[in-house]
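These are the residues of each chain, in order.
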Amino acid sequence: MKLWEYTAKDGRSITVRGATVDDAKYLHAGFRNVVEEHMWLPTFTPNSHVSDWANWISRTRHTREVLLIALVDTEYAGHLSLQPEEWHASQHVAKLGIIVMKEHRSNGIGRSLMLSGERAALEKDYSKIILSTFDDNEVAKGLYVSLGYRVVGIRKNHFNMPKGLIDELLMEKELSE
Ligand SMILES: CC(C)(COP(=O)(O)OP(=O)(O)OC[C@H]1O[C@@H](n2cnc3c(N)ncnc32)[C@H](O)[C@@H]1OP(=O)(O)O)[C@@H](O)C(=O)NCCC(=O)NCCS
């Protein structure tokens, strides 16, 4: 898989590339950190192990799944996943997930991952990306809307989080548009 380079808002270099098995410990720890914020993901305890991440990364070599890692200089800063929809008739549709580490947010990493994710999706023959976010996640919504994702639905009170009941916002983008 290709490698993409960007410049962060603070002037440092951002590299986005396909994750390798050696990256599994970073993706695992990064996911755990965001889950433990109890703010942005509808998961309360990170049950996965490093080996699960290594297996997932290995699968991306032979399947249409994608796992991209973002590095600021050489430090892990976040990652993005694409997974095909289950339906036979929806194999052109990828489900996207993204996290950026707290200390690296609002520095252009999310945008860099999203732009690379769209390139990677096209390389794996997807023509549409779907995602969902908490309705109170203003940063995520700002990022997705600025990249052309549109809201296609709202699931009211869909998540019972420590901060209260949260609506789920469903969004999508057709890459050929
Ligand atoms: C949502 C998330 C992926 C965005 O990544 P990021 O690296 O922080 O975002 P970027 O710095 O690339 O900014 C992208 C856009 O987000 C919005 N944004 C970023 N920081 C913001 C802030 N502090 N306040 C409001 N909007 C903000 C802006 O629209 C920005 O566009 P701009 O650069 O043209 O101003 C990241 O904040 C994150 O991982 N949050 C926690 C986990 C999460 O919410 N994951 C997504 C679940 S659906």
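Owing to the predicted nature of the structure, the values given are computational and were not obtained by experimental measurement.

Caption draft 1: Representation of the overall build of the chain within the structure. Scanning the chain for helices and strands turns up 4 helices and 8 strands. For the chain, the C-alpha radius of gyration of 16 Å lies close to 16 Å, the compact-globule estimate for 177 residues. Expressed as lengths along the three principal axes of its C-alpha atoms, the size of the chain is roughly 40 × 35 × 35 Å. For the chain, buried positions account for 29% of its 177 residues. Taking the contacts inside the chain whose residues are at least 6 apart along the sequence as the reference set, 60% of them involve residues at least 24 apart.

Caption draft 2: Representation of the pairing of strand β5 (residues 93-100). Note that strand β4 (residues 75-84) and β5 share 7 bridges and pair antiparallel. Bridge pairing in β5 links leucine 80 to isoleucine 98. What joins β5 to strand β6 (residues 128-134) is helix α3 (residues 109-123), and the crossover it makes is right-handed.

Caption draft 3: Seen up close, the site of the ligand. Residues in contact with the ligand amount to 20 residues; listed here are only the nearest, Arg105, Ser106, Gly110, Arg111 and Gly142. Going through the elements one at a time, β5, α3 and α4 (138-146) are the ones with two or more residues in the shell around the ligand. Tallying contributions element by element places α4 first for the shell around the ligand, with 6 residues. For the shell around the ligand, the class distribution of residues is 9 nonpolar, 8 polar and 3 charged.

Caption draft 4: Representation of the nonpolar core. Judged by nonpolar contacts, the single largest core of 36 residues is most densely connected at Leu68, Ala70, Leu82, Leu96, Ile109 and Leu113. Each residue touching leucine 113, except ones within four places of it in the same chain, is listed here: Val16, Leu68, Ala70, Gly78, Leu80 and Ile98.

What counts, and where the lines are drawn
Residues numbered from 1 in each chain as written. Predicted model: local features only at pLDDT ≥ 70, side-chain atom pairs only at ≥ 80, totals over all residues. Helix = DSSP H or I, 4+ residues; strand = E, 2+ residues; numbered from the N terminus. Rg over C-alpha atoms; globule rule 2.2 N^0.38 Å. Buried ≥ 20, exposed ≤ 12 C-beta atoms within 10 Å, placed from the backbone. Contact = placed C-beta atoms within 7 Å. Pairing = 2+ DSSP bridges. Right-handed = clockwise from strand over helix to strand, strands pointing away. Near = placed C-beta within 6 Å. Nonpolar A, V, L, I, M, F, W, Y, C, P; charged D, E, K, R; others polar. Core = buried A, V, L, I, M, F, W, Y, C linked by C-beta atoms within 7 Å.

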